[in-house]
Amino acid sequence: MGKIGYGYGSEWHLLRYLGYHRAYLSDLVLNHIGGQSLSWYDFRFLPPNKSNKHDGEHIGLDFLENVEAEAAWRSFWPQSGNAHNWDAVGEIWVNGQREWLLVEAKAHSGEIKSSCGASSQKSLSMIRAALSQTMASFCETPVPVERWMSPYYQYANRLAMLHFLMKVGDPPIPARLLFIYFTGDRRPDGSICPQTSTDWEPDITAMEHHLGIDKDSELYSRVHQVILPVNPEQ
């Protein structure tokens, strides 16, 4: 969990919705996905530390509590460096099946860009292999794997997690990704914050084009995007 902005930023607004408008958010997500019910997992308490942080996001597969899946994940993805941090985790029921809902939230355009920071050759080799496998689930025509390493690495590695859960895990672990794109944020540092859903479209389109995403691929149907105003009354 990074430093949360006071009154701005994706973490701030998502926590607002989870704390003050949980029913509104849940109904919006269920209507978008077509699910029947949704429950959100609490964040983790952290031991006392020097930065005075008491709470932490779910990391990697810690929400599963599945020893076999965690062992398989260690063979699929390096365990050193920055792990997958989830902005929220939920359980959603879709067509009578329980599935995991893994959430990433963004409030300004710069948040969607990142590069792989792994330094060891072993880690880089594992990441490239995992992303190459993932491409087979999302791309009709695979692109060079380096295009998945930058500048949309976080999005790419979230797709890798979905691929792992649905295609590598034995048995498969039903899951979905939910990307929440906030509109109407205002940041004191002057970062570009989309004010309407239309403002987000060029960035999202450019990202998917760069990665070669085929929207008709089987797993893409489990990748959901919700545009959410920081205040629907604005």
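See above for the structure.
Residues numbered from 1 in each chain as written. Predicted model: local features only at pLDDT ≥ 70, side-chain atom pairs only at ≥ 80, totals over all residues. Heavy atoms only, no water.

**Regarding the pattern of salt bridges**
The following threshold applies: By convention in these notes, a salt bridge is any Lys or Arg side-chain nitrogen within 4 Å of a carboxyl oxygen on Asp or Glu. Helix numbers and strand numbers start at the N terminus; a helix is a DSSP run of H or I with at least 4 residues, a strand a run of E with at least 2. Here's how the labels work: a residue is buried when its accessible area is under 20% of the maximum for its type, exposed when over 50%, partly exposed in between, all with a 1.4 Å probe on protein chains only.
The tally for this structure, following the rule as stated, stands at ten salt bridges. The salt bridge involving K167 is made with E218; its shortest N-O contact spans 3.1 Å. Residue K167 is found in helix α5 (residues 153-168), and its partner E218 is found in the loop between α6 (197-211) and β9 (223-229); the two are separated by 51 residues along the sequence. Residue E218 is classed as exposed on the basis of its relative accessible area of 58%. Where E208 meets K215, a salt bridge forms, and the shortest distance between an N and an O atom there is 3.4 Å. Given a relative accessible area of 6%, E208 falls into the buried group. Given the relative accessible area of 51%, K215 is considered exposed. A network of salt bridges, in which partner residues are shared, links E99, R176 and R222.

**Let's talk about unusual backbone geometry**
Look at the link from S150 to P151: it is a cis peptide, with omega at 5°. Here the bond from D170 into P171 is cis, since omega is 5°, no more than 30 degrees from zero. Tracing the sequence through the fold places P171 in the loop between α5 and β8 (175-183). Notably, E65 is not glycine yet its phi reads approximately 55°, a positive angle. Structurally, E65 can be placed in the loop between β4 (58-59) and α3 (67-76). Owing to a relative accessible area of 72%, E65 belongs among the exposed residues under this scheme.

**Remarks on helix α1 (residues 10-20)**
To be explicit about the condition: The contact definition used throughout considers only heavy atoms, calling two residues in contact when any of these lie within 4.5 Å.
Among all positions in α1, only S10, E11, H13, L14, Y17 and L18 are buried. The elements touched by buried residues of α1 are α2 (22-33), β1 (37-40), β6 (88-94), β7 (97-106), β8 and β9.

**A short note on the layout of surface pockets**
Condition: Using only the protein atoms, space was sampled on a 1 Å grid; points where a 1.4 Å probe fits but cannot get out form cavities, open sets with protein on both sides within 12 Å along at least five of seven lines form pockets, and lining residues are those with an atom within 4 Å of a point. Grid points are joined across faces, edges and corners, and a volume is the space filled by probe spheres set on the points. Any residue outside Ala, Val, Leu, Ile, Met, Phe, Trp, Tyr, Cys, Pro, Asp, Glu, Lys and Arg is labelled polar, Gly included; the first ten of those are nonpolar and the last four are charged.
Space inside the largest pocket adds up to approximately 770 Å³. Together, 41 residues line the largest pocket, and N82, A83, N85, Q154 and R158 are the ones closest to its centre. Looking at the lining of the largest pocket, the elements that each hand over two or more residues are α1, β7, α4 (121-138) and α5. Across the lining of the largest pocket, the residue classes tally to twelve nonpolar, 19 polar and ten charged.

**Notes on the packing of α3 against α5**
Using the following cut-off: Here, axes are lines fitted to C-alpha atoms. For helices the fit covers the stretch in contact, and angles between N-to-C directions go from 0 to 180 degrees. Angle categories are assigned with fixed cut-offs, so that under 35 degrees is roughly parallel, over 145 is roughly antiparallel, 65 to 115 is roughly perpendicular, and the rest are oblique. Definitions for this section: a left-handed crossing has its near helix turned counterclockwise from the far helix by less than a right angle. A right-handed crossing has that turn clockwise.
Close contact between α3 and α5 brings their axes to 11 Å; oriented N to C, the two are set at 125°. Taken as axis vectors, α3 and α5 run oblique relative to one another. Between α3 and α5 the crossing geometry is right-handed. Residue-level contacts link A69, A72, W73 and F76 of α3 to A160, M161, H163, F164 and V168 of α5. Here the contact of α3 with α5 is composed, by residue class, of eight nonpolar, one polar and no charged.

Any functional reading would require information that these geometric values do not contain.
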